[in-house]
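Structural overview
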Amino acid sequence: MRHPRSLLAVALGLGLAATLGAVPATAATTANSPAAAASSSYAAYEGSAEDAKATQAFFDAVVASVSRKRAANPGAQAVTVVYSASNAPSFRTQIARSTQIWNSSVGNVRLQEGSSPDFRYYEGNDPRGSYASTDGHGRGYIFLDYRQNQQYNSTRVTAHETGHVLGLPDHYSGPCSELMSGGGPGTSCQNAVPNTQERARVNQLWANGLAAAVARVS
């Protein structure tokens, strides 16, 4: 798979600025900005010292965004999390497959592309690889690195990073059958589906976490 460097992420629109705050204007800036590296936590596909912190902060930011829009209906059985793939055109197929995988795996949360997104996907080149990034103050996005997605199963990378949005931490020592083991099992791992434990954890988080978030903002 070849991804031209010209398809770097473009500047954010006002919609994301209002929903999740500002992100560096381009993928190149995201990769090389010392300010971004110093101020943000990120959970990377191949490892990060800030995995747990980043996962929790991103999950909290997305839940808060969702709950503000859903506060009028706190008793809903399934919560819809809206995303935008417009800044990751090279990965539209992988994002669609990842969304299908998660939507068929869990029942308490549903991913849907649309306007007024709760998070966005970006693409580009970054020495850190692919990651879910947040500064813990309502800003969050998933970055998909070209080179890493050529080395690893690209749908697995995308589904793994989306797992962080849904609240799952990394577990690099896990087997290939565990989606959140990320790059731990190596480039030969082709599994892009969460296991039974991962599915149960996401359902638990969205059954309880959303109600708590709605209580905080209502």
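Everything discussed here concerns the structure shown above.
So, a few notes on the structure that sits alongside this text. Just so we're clear, the structure is a prediction, and the values are computed from it rather than from any experiment.

**Thoughts on the sheet that holds strand 4 (residues 119-124)**
Backbone hydrogen bonds hold the strands of a sheet together, and the pairing may be parallel or antiparallel. If you walk across this open sheet you meet the 6 strands as 1-5-6-4-2-3, and the pairing is mixed. Either end of the sheet is taken by a strand with one partner, and the two such strands are strand 1 (41-44) and strand 3 (109-113). Between one strand axis and the next, the sheet turns by 25° as a mean value, whatever way the strands run. The pairing of strand 2 (residues 79-87) with strand 4 spans 3 bridges and is classified as parallel. In the sheet register, Ser84 faces strand 4, and the bridge partner there is Arg120. Where helix 5 (residues 92-105) meets the sheet, its contacts fall on strand 2, strand 3, strand 4 and strand 6 (140-145), and the angle it forms with strand 3 comes to roughly 155°.

**Some points on the pairing of strand 2**
Burial of strand 2 is extensive: 7 of the 9 residues sit out of reach of the surface. Here strand 2 pairs with strand 3 via 5 bridges, running parallel. Each residue of the ladder has a partner; that of Val81, found in strand 3, is Leu111. What joins strand 2 to strand 3 is helix 5, and the crossover it makes is right-handed.

**Digging into the nonpolar core**
Among the nonpolar cores identified, the biggest contains 35 residues, and Trp102, Phe119 and Trp206 are the most heavily contacted of them. For this core, the secondary-structure elements that each account for two or more residues are helix 4 (51-70), strand 2, helix 5, strand 3, strand 4, strand 6, helix 7 (154-165) and helix 8 (196-217). Of all the elements, helix 4 adds the most residues to this core, at 5 residues. Dropping the residues within four chain positions of it, Trp102 is found in contact with Leu111, Ala159, Thr162, Gly163, Leu166, Leu168, Leu179, Pro194 and Val202. Membership of the second largest hydrophobic core comes to 6 residues, among which are Tyr42, Ala44, Tyr131 and Phe143.

**Points about the environment of Asn125**
The topology assignment puts Asn125 in the loop between strand 4 and strand 5 (131-134). Considered as a pair, Asn125 and Gln148 are 23 residues apart in the sequence and their alpha carbons are 9.0 Å apart.

**As for the state of the cysteines**
Counted according to the given criterion, the structure contains 1 disulfide. What pairs with Cys176 in a disulfide is Cys189, and their sulfur atoms sit 2.0 Å apart. The chirality of the disulfide connecting Cys176 with Cys189 is right-handed, given an S-S dihedral of about 85°. You can see Cys176 sitting in the loop between helix 7 and helix 8 and its partner Cys189 sitting in the loop between helix 7 and helix 8, a full 13 residues away along the chain.

**Describing the pattern of salt bridges**
For side chains bearing opposite charge, pairing can occur when the charged atoms are close. Throughout the structure, instances matching the rule amount to 2 salt bridges. For Glu113, the salt bridge identified is with Arg92, shortest N-O distance 3.0 Å. Here Arg92 lies in helix 5 and Glu113 lies in strand 3, a separation of 21 residues in the sequence. On the basis of relative accessible area, Arg92 is assigned to the partly exposed category, the value being 39%. For Arg128, the salt bridge is made with Asp126, and the minimal N-O distance between the two is 3.2 Å. You can call Arg128 buried: its relative accessible area is 19%.

**Regarding helix 5**
Spanning 14 residues, helix 5 covers 20 Å between terminal C-alpha atoms, matching the ideal 20 Å at 1.5 Å per step. Buried residues of helix 5: Gln94, Ile95, Ser98, Thr99, Ile101, Trp102, Asn103 and Ser105, and no others.

The rules we used
- Residues numbered from 1 in each chain as written.
- Predicted model: local features only at pLDDT ≥ 70, side-chain atom pairs only at ≥ 80, totals over all residues.
- Heavy atoms only, no water.
- Pairing = 2+ DSSP bridges.
- Helix = DSSP H or I, 4+ residues; strand = E, 2+ residues; numbered from the N terminus.
- Axes fitted to C-alpha atoms, helices over the stretch in contact; angles between N-to-C directions.
- Contact = heavy atoms within 4.5 Å.
- Buried < 20%, exposed > 50% of the residue type's maximum accessible area, 1.4 Å probe, protein only.
- Right-handed = clockwise from strand over helix to strand, strands pointing away.
- Core = buried A, V, L, I, M, F, W, Y, C linked by side-chain atoms within 4.5 Å.
- Disulfide = S-S within 2.5 Å.
- Salt bridge = Lys/Arg side-chain N within 4 Å of Asp/Glu carboxyl O.
- Expected span 1.5 Å × (residues − 1).

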